[in-house]
Amino acid sequence: MRVLIVEDEPYLAEAVRDGLRLEAIAADIAGDGDTAMELLSINTYDIAVLDRDIPGPSGDEIAERIVASGSGMPILMLTAADRLDDKASGFELGADDYLTKPFELRELVLRLRALDRRRAHSRPPVREIAGLRVDPFRREVYRDGHYVALTRKQFAVLDVLVGAEGGVVSAEELLARAWDENADPFTNAVRITVSALRKRLGEPWLIATVPGVGYRIDTASGSGHQGDGRD
């Protein structure tokens, strides 16, 4: 999951971003409305977390533009305005959820995951493919009934690959979906993480490499990329 945090208090924004990273949720920060609109135009996000009172276009204006775009991106309003009328106006603008400050990071994580499940209502919360059982909410993975322990980043990469349902996912898309805007596009992080993930899942290899294109889950026989496991 990748989210956009629109918050003009830098310490709070950075604390939230760092906390979300520990939960395998990639997050970018926009400190004002103009930056938020720019990031929304060039990146794909699963959820927008909006403070309403920010410099430039307000959180309300950003929410209106997201709704008008027809993207269906869920919006969580994160603000100190806690009166019922404030909440009502936020929902009328198109917000899907509302969390007032101060808040517990754990509650934010739970709300984000709930919004992500609703966003993807057409797919089952627990996905099964090629002998894998992936539970995004509990961050649990089983292969042929056996639990597989993964790091947060490995799980984030697997979640993207499983969501493609056997389709090819490029290294660039994995970097965009499982990391954040600070990731170095020339890094070996994707290759290294996929290699480690493949080994964690065990043989026969489930993650196939499509040379020059990307990676996919082998749905045919669970024997993708047999051999030495190279990327």
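Please read these numbers as outputs of a predicted model, since none were measured by experiment.

Q: Quick question: what am I supposed to make of the packing of helix α1 (residues 10-21) against helix α5 (residues 105-119) here?
A: Helix packing for two helices is described by the angle between their axes and how far apart those axes are. Their axes nearest at 11 Å, the elements α1 and α5 cross at an angle of 65 degrees. The two elements α1 and α5 meet at a crossing, and its hand is right-handed. Here V16, G19 and L20 of α1 lie close against α5, whose contacting residues are L105, L108, V109 and L112. Taken together, the residues of the contact of α1 with α5 break down into six nonpolar, one polar and no charged.

Q: Would you mind going over the UniProt feature "modified residue: 4-aspartylphosphate" (unreviewed entry) in the protein chain with me for this structure?
A: Per the UniProt annotation, the sites labelled "modified residue: 4-aspartylphosphate" (unreviewed entry) are D51. On the secondary structure map, D51 appears in the loop between β3 (47-50) and α3 (59-69). Given the relative accessible area of 4%, D51 is considered buried. Not counting the four nearest positions on each side in its chain, D51 is found in contact with V6, E7, D8, G59, L78, T79 and K101.

Q: Could you clarify how one ought to interpret α3 in this entry?
A: The periodicity of an α-helix, 3.6 residues per turn, causes residues three or four places apart in sequence to face the same way. Looking only at α3, the buried set comprises G59, I62, A63 and I66. Within α3, the buried residues cover an arc of 100 degrees as seen down the axis, which keeps them to one side. Looking at the buried residues of α3, the elements they touch are β1 (2-6), α2 (33-42), β3, β4 (75-79) and α4 (84-93). Positioned one or two residues after α3, G70 has a phi angle of 75 degrees, which is positive.

Q: I'm lost on the nonpolar core in this one. Help?
A: Of all hydrophobic cores here, the largest spans 26 residues; its most connected members are L132, L158 and L174. Put simply, the parts of the chain that give this core at least two residues each are β7 (132-135), α6 (152-163), α7 (171-178), α8 (189-201) and β11 (214-217). Considering each element in turn, this core owes the most residues, seven residues, to α6. Here L132 is in contact with R127, V141, Y142, R143, L158, V162, L201, L206 and I217, once residues within four sequence places are set aside. Judged by nonpolar contacts, the second largest core, of 20 residues, contains L4, M37, I66 and M73.

Q: How do you make sense of the pattern of salt bridges when you look at a structure like this?
A: Pairing is possible between side chains that carry opposite charge, provided their charged atoms lie close to one another. As enumerated under the stated definition, the model contains 14 salt bridges in all. In this structure, D28 engages R2 in a salt bridge whose closest nitrogen and oxygen atoms are separated by 2.5 Å. Here D28, found in strand β2 (residues 26-30), pairs with R2, found in strand β1; they are 26 residues apart in sequence, far enough to count as distant. Residue R17 is joined to D18 by a salt bridge in which the shortest nitrogen-to-oxygen separation is 3.5 Å. With a relative accessible area of 17%, R17 lands in the buried category. On the basis of relative accessible area, D18 is assigned to the partly exposed category, the value being 37%. Salt bridges sharing common partners tie together E7, E9, D51 and K101.

Q: Help me understand the sheet that holds β4, please; the structure alone is not making it clear to me.
A: Where strands meet in a sheet, backbone hydrogen bonds hold them as pairs that are either parallel or antiparallel. Strand order in the open sheet formed by five strands is β2-β1-β3-β4-β5, and the pairing between neighbours is parallel. On the outer flanks of this sheet lie β2 and β5 (97-100), each paired with one strand and no other. Within this sheet the neighbouring strands show an average axis-to-axis angle of 20 degrees, counted without direction. Across four bridges, the pairing between β4 and β5 is parallel.

Q: How should I be thinking about the packing of aromatic side chains in this particular structure?
A: Each aromatic ring pair is specified by the distance between its two centres and by the angle formed by the two planes. For the structure shown, the criterion picks out two aromatic pairs. Between F91 and Y98, the ring centres sit 6.1 Å apart and the planes meet at 50 degrees, which makes this aromatic pair tilted. With relative accessibility at 42%, the residue F91 sits in the partly exposed group. For Y98, a relative accessible area of 6% translates into the label buried.

Q: I keep staring at the environment of I207 and nothing clicks. Help me out?
A: Summarising the element assignment, I207 is placed in strand β10 (residues 207-210). Accessibility expressed as a relative area gives 0% for I207, which makes it buried. Separated by twelve residues in the primary sequence, I207 and T219 place their C-alpha atoms 9.4 Å from one another.

What counts, and where the lines are drawn
Sequence positions are assigned chain by chain, starting from 1 and proceeding in written order. Given that the model is predicted, a residue must reach a pLDDT of at least 70 before its local features are reported, and side-chain atom pairs must reach 80 or more before they are shown or counted; all residues, however, enter totals for whole chains, interfaces and linings. Here the side-chain values reflect all heavy atoms present in the structure, with hydrogen atoms and water set aside. Under this scheme, a helix contributes an axis fitted over its contacting stretch, all axes are lines through C-alpha atoms, and angles between N-to-C directions fall in the 0 to 180 degree range. Elements are defined by DSSP. Helices are runs of H or I of four residues or more, strands are runs of E of two residues or more, and each kind is numbered from the N terminus. Should the near helix be turned anticlockwise from the far one by less than a right angle, the crossing is left-handed, and should it be turned clockwise, the crossing is right-handed. Note on contacts: a residue pair is in contact if any heavy atoms of the two residues lie within 4.5 Å. Put simply, Ala, Val, Leu, Ile, Met, Phe, Trp, Tyr, Cys and Pro go in the nonpolar bin, Asp, Glu, Lys and Arg in the charged bin, and everything else, Gly too, in the polar bin. UniProt positions are given in the numbering used here, feature names are shortened, and annotations may be inferred rather than shown by experiment. The classification of residues rests on relative accessible area computed with a 1.4 Å probe and restricted to protein chains. Under 20% of the type maximum is buried, over 50% is exposed, and intermediate values are partly exposed. Taken from the helix axis, the directions to the C-beta atoms give the arc we talk about. Within this scheme, the nonpolar core is defined by two criteria: the residues are buried Ala, Val, Leu, Ile, Met, Phe, Trp, Tyr or Cys, and they are joined through side-chain atoms within 4.5 Å. Whenever a carboxyl oxygen of Asp or Glu lies within 4 Å of a side-chain nitrogen of Lys or Arg, that contact is scored as a salt bridge. In this scheme, strands are said to pair when DSSP sees at least two bridges between them. The pairing test for Phe, Tyr and Trp rings, Trp by its six-membered ring, is centres within 6.5 Å, and the orientation test on the planes gives stacked under 30 degrees, edge-to-face over 60, and tilted for anything in between.

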